[in-house]
Every structure is written in structure tokens, then in C-alpha cells.
Amino acid sequence: MRLNRGTILLLVLALGVIAAVLVFNNQQANAPDEATPTVTAGAGPLFDELAGNDIARLEVVDNATGNSTLLTQDAGGAWDMAATFSTTRAIDQEKAQTAVGDFVLLEANDSFESQSLGDFGLETPGYVFYADTFDGTRYTLYTGNKNPTGNRYYILLESGETPSDVSAEIDALAAADATSEATSEATAEMTAEVTEEATEESTPEPAADMTEEAIEDSTPEPYAGVQLSLENATVYVVPELTMTSLINLVSVPPYVLPPTAAPTATATLNSMSEVDIATATAEYNATVTALFAELATQSAATLAAEVTDEATVEATAEATEAP
């Protein structure tokens, strides 16, 4: 069978349409799914497999003033701030645990390499965090500026071994529960054995004996702050809200709120004007005066009546007795 020219053209056109559809479908199959979220490079948790109960010590330092808050955890999981402030207020365990949890769960929205830390406020950090674990690892976090939109903080993160003096402190915290009772008994025995003579011998010399040079040497140095001079470092970008809550530990430590004071009773102000008060006072005085006058009149009349009755009785008696 011989095909005419029109039929051949229709077949060629159909084959072209089929080929175009196949090419289009192949492109769609190879195109990325727009609904699938992408993960930003460098994003994710800052601390892998780190939990709040791993932290023995978390210190937040204002790098400008040196003011700080130090949270310490004993082996029983109780938090304390005895080394930070001298106060009788109790620590809010839930707030302290939440703050430490926020720290260990910090996540970066992004990260990048930088050789210009000053561009991000990291040459002189605003705040420094020192987190020491029970196993002897120290994580140091430095906070810089906020990003231009204000919803992120630039930070640096370092890790290494805990300093030896802090390790000794952590070891003491880990053994605090087991030794607290024995320590109390030993302290009581030692206190009882201290004699008056030993106390006098241990009394320090008067401050007047100190020389001017010694006094100058004893003056504490002003807080210098931490300065960073890294040539190349990984800068992380973290949520502003979480970092602000952690920074606020310096100014608002997690203490239990003081009890609300009972409202003090206050005198109710008199709504009457001075004229009204004067008028009411005059009316009151007039009423009292009239009442006393009425009582006086009634008393006089009663007395006069009694005298008249007595005189009448006496006169009648005399007339009756006369012959």
C-alpha cells in the first residue's frame, strides 16, 4: 500500500510530538524536587552527643566588665551558684537545667571560614562561655556581633582539655555527694580541737604593718578581657533568641523569685473639700449645742416640778396637823 504525502506528513508530525513529550518527561524526571527542603552547608548542632548532665561547670563572662555567672553541677544532678554570688536565695533548679540544655542544644544556621574576625565583632568578643564536662573536656564559645538583620549571632567555638585547676574543682563536685557527711563530721571535730592559743597565733598582723608597695601590689588588676587573633577560623551563625537568653544569665541568674510582698494598707483620702468639712463641723457643733441646751432645759423643768411638789406636800401636811 502506497501512502500519500498527507499521511506521511501526519506520521512525521506525530513522531515529532512523541519525541518532544519523551524529552520533556525526561527533563522533568531529572529536575530537582522544589518541595524538598535543602540543608544549608555548615548548619546543624554545635555539640555532638553532648547532654546537660555531662556538664559539670558552665560559666558565662561579660568580656567587657568581667562580671560572670558560674553554674556547677554535682554528681546528684543538683545545680549551685555559691561561687558566683553571696546570697541566701535558692537556685531555681529548673531554670538552671533549662539554661544548660539550651547551651548544649545550640544549632548553627550556617557557618563559613573567615580571616577577618573584626568584621564580625569576634576579635574582642562580647561574652565568653566556658563549658567543662565531667570527663575533662572544655568547650569555649565566643560571641560576636549580630548579623545585619539582627536575628543571628556570629560565634566562634573551640574545644580542648579542661585546665588542671578547674579539673580539681570538678573532681570535688563529682565526689560531693559521697563525702558531704564525712566532711561535715571532720570539720566539726577540727573546729572543736582549735584552741584559743592557736586562734591567736593564726591572727594576721594588722594592716598598718603593710608597706605602701605591698598595698599597691595587692590591688587587683583591672579586667582586660579576651582578645582573639586567629588568622583563619570557622564562624558559626546561631539564633539570636537562644544566645540572648544565655547571655542574660549574667544579669539575671536563675535564682528562685523572692516572695511577693503583701500590699501595705493606705489611708483613704477624704473626698470632701475644706468648705464641706467646715460646714459639716459647724452643723455638728450646732446640733451638739442644741442637744445640750435641750437637756439642760428639761433638767431645770424637772427639778422645778420636783421642788413644787415637795413644797405642796409639806404645806398640806402642816395644814392637816394644825388644831
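Quantities reported herein were computed from a predicted structural model and do not represent experimental measurements. (Residues numbered from 1 in each chain as written. Predicted model: local features only at pLDDT ≥ 70, side-chain atom pairs only at ≥ 80, totals over all residues. Heavy atoms only, no water.)

Undergrad: Explain the overall build of the protein chain to me, please; I cannot follow it from the model alone.
TA: In terms of regular secondary structure, the protein chain is built from eight helices and ten strands. Counting the 323 residues in the protein chain, one finds 23% classified as buried. Taking as baseline every contact in the protein chain between residues at least 6 positions apart, the subset at least 24 positions apart corresponds to 70%. Accessible area of the protein chain: about 22800 Å², with a carbon and sulfur share of 57%. (Helix = DSSP H or I, 4+ residues; strand = E, 2+ residues; numbered from the N terminus. Buried < 20%, exposed > 50% of the residue type's maximum accessible area, 1.4 Å probe, protein only. Contact = heavy atoms within 4.5 Å. Areas by Shrake-Rupley, 256 points an atom, 1.4 Å probe, with all protein chains shown as cover.)

Undergrad: Before we go on, may I ask you to explain the sheet that holds strand β3 (residues 68-73) in this structure?
TA: Pairing is antiparallel in the open sheet, where eight strands are placed in the order β4-β3-β2-β7-β8-β9-β10-β6. Each end of this open sheet is capped by a strand with a single partner; those strands are β4 (79-80) and β6 (110-114). Bridge count between β3 and β4: two bridges; the pairing is antiparallel. From the neighbouring strand, Gln73 faces β4, where its bridge partner is Trp79. Against the sheet, helix α7 (residues 240-247) makes contact with β2 (55-62), β7 (127-133), β8 (137-146), β9 (152-161) and β10 (233-239), and its axis sits at roughly 95° relative to β10, the strand it touches most. (Pairing = 2+ DSSP bridges. Axes fitted to C-alpha atoms, helices over the stretch in contact; angles between N-to-C directions.)

Undergrad: Looking at this model, I keep getting lost on the packing of aromatic side chains. Mind explaining?
TA: We describe a pair of aromatic rings using the distance from one ring centre to the other and the angle between the two ring planes. Here the structure, examined in full by the defined rule, presents six aromatic pairs. Ring plane angle 80° and centroid distance 5.2 Å describe the contact between Phe47 and Tyr139, whose orientation is recorded as edge-to-face. One end of the pair, Phe47, is in the loop between β1 (44-45) and β2; the other, Tyr139, is in strand β8, and 92 residues separate them in sequence. Exposure class is identical for Phe47 and Tyr139. Each is buried. Here Phe112 and Tyr154 contribute two aromatic rings whose centre-to-centre distance is 6.3 Å and whose plane-to-plane angle is 80°, an arrangement assigned as edge-to-face. Of this pair, Phe112 sits in strand β6 while Tyr154 is found in strand β9, placing the two residues 42 residues apart along the sequence. Exposure remark for Phe112: the relative accessible area of 25% places this residue in the partly exposed category. By the ring-pair criterion, three or more aromatic residues cluster together here, those being Phe47, Phe103, Phe129 and Tyr139. (Phe/Tyr/Trp six-rings, centres within 6.5 Å; stacked < 30°, edge-to-face > 60°.)

Undergrad: Would you take a moment to explain a nonpolar patch on the surface for this structure?
TA: A cluster of nonpolar side chains, namely Leu291, Phe292 and Leu295, defines an oily patch on the protein surface of about 310 Å² accessible area. Classification of Phe292 by relative accessible area gives exposed; the value is 56%. (Patch = residues over 30% accessible without salt bridge, like charges linked within 9 Å, V, L, I, M, F, W, Y side chains within 5 Å. Salt bridge = Lys/Arg side-chain N within 4 Å of Asp/Glu carboxyl O.)

Undergrad: Sorry if this is basic, but what is going on with the nonpolar core here?
TA: Buried together is how nonpolar side chains tend to be arranged in soluble globular proteins. In terms of nonpolar packing, the biggest core is built from 30 residues, with Leu46, Ile55, Phe103, Phe129, Leu141 and Met243 touching the most fellow members. Contributing elements (two or more residues each) for this core: β2, α2 (93-104), β7, β8, β9 and α7. Of the residues forming this core, the biggest block, five residues, is contributed by α2. What Met243 contacts, discounting residues up to four positions off in sequence, is Leu106, Phe129, Leu141, Thr143, Tyr153 and Val238. In this structure, Leu117, Tyr154, Ala233 and Val237 belong to the second largest nonpolar core, which totals 14 residues. (Core = buried A, V, L, I, M, F, W, Y, C linked by side-chain atoms within 4.5 Å.)

Undergrad: Teacher, can you tell me more about unusual backbone geometry here?
TA: Trans peptide bonds make up most of the peptide bonds, and negative phi angles are found at most residues other than glycine. Here the phi dihedral of Glu49 falls at roughly 55°; this positive angle occurs in a residue that is not glycine. Of note, Glu49 is situated in the loop between β1 and β2.

Undergrad: Explain the side chain of Arg138 to me, please; I cannot follow it from the model alone.
TA: Note that Arg138 resides in strand β8. Of note is the side chain of Arg138, whose polar atom sits 2.8 Å from the side chain of Asp132. For Arg138, the residues in contact, after removing those within four places along its chain, are Arg57, Tyr130, Ala131, Asp132, Glu158, Ser159, Gly160, Glu161, Thr162, Pro163 and Val166. (Polar contact = N/O pair within 3.5 Å; in protein donor to acceptor, adjacent residues only side chain to side chain.)

Undergrad: How should the pairing of β8 be read in this particular structure?
TA: Looking along a regular strand, one sees side chains alternate from face to face of the sheet. For β8, a buried count of seven out of ten residues is recorded, marking the element as mostly surrounded by other parts of the structure. With six bridges connecting them, β7 and β8 associate as antiparallel partners. Considered in β8, the bridge of Phe129 is made with Leu141. Note that β8 and β9 share eight bridges and pair antiparallel. Following the sheet pairing, Tyr142 is matched in β9 by Leu156. Two successive antiparallel strands, β8 and β9, enclose a turn made up of five residues, where Gly150 displays a positive phi of approximately 80°.

Undergrad: Looking at this structure, I do not really get the packing of α2 against α7. What am I missing?
TA: Two measures define how a pair of helices packs: the angle their axes make with one another and the distance between the axes. The N-to-C vectors of α2 and α7 enclose an angle of 135°; their axes lie 10 Å apart at closest approach. Compared by their axis directions, α2 and α7 come out oblique. As for how α2 packs across α7, the hand of that crossing is left-handed. Every residue of α7 that contacts α2 at Ala99, Asp102 and Phe103 is listed here: Thr242, Ser245 and Leu246. Residues belonging to the contact of α2 with α7 are distributed by class as follows: three nonpolar, two polar and one charged. (Parallel < 35°, antiparallel > 145°, perpendicular 65-115°, else oblique. Left-handed = near helix turned anticlockwise from the far one by under 90°. Nonpolar A, V, L, I, M, F, W, Y, C, P; charged D, E, K, R; others polar.)

Undergrad: Where do I start with the pattern of salt bridges in this structure?
TA: Note on pairing: side chains with opposite charge can pair once their charged atoms come close. This structure, assessed with the given rule, holds five salt bridges. Note that Glu169 is salt-bridged to Arg57, the shortest N-O span being 3.4 Å. Residue Glu169 is found in helix α3 (residues 164-174), and its partner Arg57 is found in strand β2; the two are separated by 112 residues along the sequence. The partly exposed category is assigned to Glu169, whose relative accessible area is 29%. Note that Asp132 is salt-bridged to Arg138, the shortest N-O span being 2.8 Å. Each of the two residues, Asp132 as well as Arg138, counts as buried. If you follow the salt bridges from partner to partner, you end up with Arg57, Glu59, Asp132, Arg138 and Glu169 in one network.

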